[in-house]
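Residues per chain, in single letters:
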Amino acid sequence: MLQLSDIQSSQEELQDYYTLLRAQHVTPAWLNEAVSVAPQTAAVPYLWHWRDLRPQAMRAAELVGTAQAERRVLRLSNPKLSGIASQTLVANIQIVMPGEIARAHRHSAAALRLIIEGKGGYTVVNGERVPMFPGDLVLTPNWSWHDHANDTDAPMIWLDGLDTPLVRLLEAGFFEEYPHDRQEVAAVVNSSQWHYPMSEMRAALNRLLADGGNGEKGIVLEYRNRRNDGPVMPTISCHMQLLRPGEATRAWRRVCRTNYHVVEGAGYSDVGGKRLDWEDKDVFTVPAWTFCEHVNAHDRPAFLFSFSDAPVMKALSFYREEVRP
Ligand code: GTQ
Ligand code: FE2
């Protein structure tokens, strides 16, 4: 028969033993080893108001040139993390002023841009010129060359989403500067595999709305990778949700991290019991395994863009989701 053994040792014996272990860089796992029955996120729900962000982006453009900063970027910082919006994905605000360029480079981190403001600057992705208009999604996948330019007379401001914290955790980060400030543009294309215009997304959502939506998830579409029809990039998936005036979604929680950007509209989201009131161009973060429901509290449609690391969690069989009963 199996028996649980109960050994009585003195505090002194134990402390001597632990001291010895520490000196040998060995840790007894029975001390402080908290097992969690469900994910315990360190991050907190948080919202950044555009009315606060925009003046700071403009100020950055006065204080720092694109020659000094590899990228002139403000990193939205979760109050409980250090300098990042979520554990795996950053959400940054980048500004490129008229006549400026952000010089060409490439890195292991995958990036997306959701354009917030501007009259149409462009990003060059592996020699392809991709236009940037408000609401557009632009991808610069892992190890693709990219530089940004603004040849208009208005500031260009966008939201950057990158998987840099994940790449750092996995110790997989490479970075390379291009030999010139900008890439030669090989092709000027109207429809690039890296570009998802807001006009097309809006039209697709309105068609879905007319068809009654896709069930309990509401009026929401995933951006598809144009090569393989999967998530837009191996580590990041992107969605756009249309919330009808007065619509309230069900509360979901998922084993992944999600950052939201309000393309347009006003309302609020209940994220883990915290109410985040949002309006046009705000950004907010939803930690892992935290119930989240959205409410469009106004009489105009709301468009919520989001990006998450769900593809990573699915690939590793960690993904779960549930609706609040
Ligand atoms: O635009 O290439 O927000 O490399 C952070 C790192 C943007 C970019 C960021 C980057 C970029
Ligand atoms: Fe970059």
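Everything in this summary refers to the structure shown in the same document. Bear in mind the structure is a predicted one, so any value in this text is a computation, not a measurement.

Read from one edge of the open sheet, six strands run 2-3-10-5-8-13, paired in antiparallel fashion. Only two strands of the sheet have a single neighbouring strand rather than two, namely strand 2 (73-75) and strand 13 (195-196). Alignment of strand 3 (residues 90-96) against strand 10 (residues 156-162), held across seven bridges, turns out to be antiparallel. Residue Val 90 lies in a different strand from strand 10, and its bridge partner there is Leu 162. Its contacts with the sheet place helix 2 (residues 50-63) against strand 2, strand 3, strand 5 (111-117) and strand 10, and it is angled at close to 50° to strand 3.

Surveying the vicinity of ligand 1 reveals the residues Arg 71, Val 73, Asn 92, Gln 94, His 105, His 107, Arg 113, His 146, His 148, Asp 160 and Leu 162. The side chain of Arg 113 places a nitrogen or oxygen atom 2.8 Å from an oxygen atom of ligand 1. For ligand 1, the protein covers 88% of the area, taking 290 Å² as the surface of the free molecule. Put simply, the parts of the chain that give the shell around ligand 1 at least two residues each are strand 3, strand 4 (101-107), strand 9 (146-149) and strand 10. Tallied by class, the residues present in the shell around ligand 1 amount to two nonpolar, six polar and three charged.

With that out of the way, let us pick up the coordination of the iron ion (ligand 2). Distances from the iron ion (ligand 2) to its protein donors, His 105 (NE2), His 107 (NE2) and His 146 (NE2), fall at 2.1 Å. Coordination of the iron ion (ligand 2) draws on donor residues from a single chain, spaced H-x1-H-x38-H in sequence. Taken together, the residues His 107 in strand 4 and His 146 in strand 9 connect sequence positions 39 residues apart. In terms of burial, His 107 and His 146 fall into one category: buried.

Below, the discussion takes up the side chain of Gln 241. Tracing the backbone through its elements, the reader meets Gln 241 in strand 15 (residues 237-243). Within the local environment of Gln 241, its side chain forms a polar contact with the backbone oxygen of Lys 217, the two atoms lying 3.2 Å apart. Residue contacts for Gln 241: discarding those within four places in its chain leaves Lys 217, Gly 218, Ile 219, Val 220, Thr 249, His 294, Ala 302, Phe 303 and Leu 304.

Here we take up the side chain of Glu 100. When you line up the elements, Glu 100 lands in the loop between strand 3 and strand 4. In this structure the side chain of Glu 100 is engaged in a polar contact, spanning 2.7 Å, whose partner is the side chain of Arg 72. If we ignore the near neighbours within four places in the chain, the residues touching Glu 100 are Thr 66, Arg 72, Ile 95, His 148, Ala 149 and Asn 150.

The next thing to look at is unusual backbone geometry. Located in the positive-phi region is Trp 143, a residue other than glycine, with phi close to 70°. By secondary structure assignment, the location of Trp 143 is in the loop between strand 8 (137-140) and strand 9. Backbone geometry places Lys 281, a non-glycine residue, at a positive phi of 80°. The topology assignment puts Lys 281 in the loop between strand 19 (274-278) and strand 20 (283-286).

For the rest of this paragraph, the subject is the packing of aromatic side chains. Evaluation of the coordinates by the stated rule reveals eight aromatic pairs. Ring centres of Tyr 260 and Phe 284 lie 4.8 Å apart, and the angle between their planes is 10°; this geometry places the pair in the stacked category. Highlighted residues: Tyr 260 in strand 17 (residues 258-264) and Phe 284 in strand 20, separated in sequence by 24 residues. One aromatic cluster in this structure is built from Tyr 196, Tyr 223, Phe 305 and Phe 307. Geometry around Tyr 196 places Arg 226 over its ring, the cationic atom sitting 4.1 Å from the centre. The ring of Tyr 268 carries Arg 275 above its face, with NZ or CZ at 3.7 Å from the centroid.

All right, on to the pattern of salt bridges then. Summed over all chains, the structure comprises 19 salt bridges. The partner of Asp 151 in a salt bridge is Arg 129, and the shortest N-O contact between them spans 3.6 Å. Taken together, the residues span a long stretch of sequence, with Asp 151 in the loop between strand 9 and strand 10 and Arg 129 in strand 7 (residues 128-132) at a distance of 22 residues. As a salt-bridge pair, Glu 322 and Arg 253 come within 2.7 Å of each other at their nearest N and O atoms.

Attention now goes to the environment of Asn 206. Along the polypeptide, Asn 206 turns up in helix 4 (residues 198-210). Using a relative accessible area of 37% as the deciding quantity, one classes Asn 206 as partly exposed. Through-space distance from the C-alpha of Asn 206 to that of Leu 242 is 8.4 Å; in sequence the pair is 36 residues apart.

Conventions we followed
Residues numbered from 1 in each chain as written. Chains lettered and ligands numbered in written order. Predicted model: local features only at pLDDT ≥ 70, side-chain atom pairs only at ≥ 80, totals over all residues. Heavy atoms only, no water. Pairing = 2+ DSSP bridges. Helix = DSSP H or I, 4+ residues; strand = E, 2+ residues; numbered from the N terminus. Contact = heavy atoms within 4.5 Å. Axes fitted to C-alpha atoms, helices over the stretch in contact; angles between N-to-C directions. Near = heavy atom within 4 Å. Polar contact = N/O pair within 3.5 Å; in protein donor to acceptor, adjacent residues only side chain to side chain. Areas by Shrake-Rupley, 256 points an atom, 1.4 Å probe, with all protein chains shown as cover. Nonpolar A, V, L, I, M, F, W, Y, C, P; charged D, E, K, R; others polar. Donors = N, O, S within 2.8 Å, 3.2 Å for Na, K, Ca; no water. Buried < 20%, exposed > 50% of the residue type's maximum accessible area, 1.4 Å probe, protein only. Phe/Tyr/Trp six-rings, centres within 6.5 Å; stacked < 30°, edge-to-face > 60°. Lys NZ or Arg CZ within 6 Å of the ring centre and 35° of its normal. Salt bridge = Lys/Arg side-chain N within 4 Å of Asp/Glu carboxyl O.

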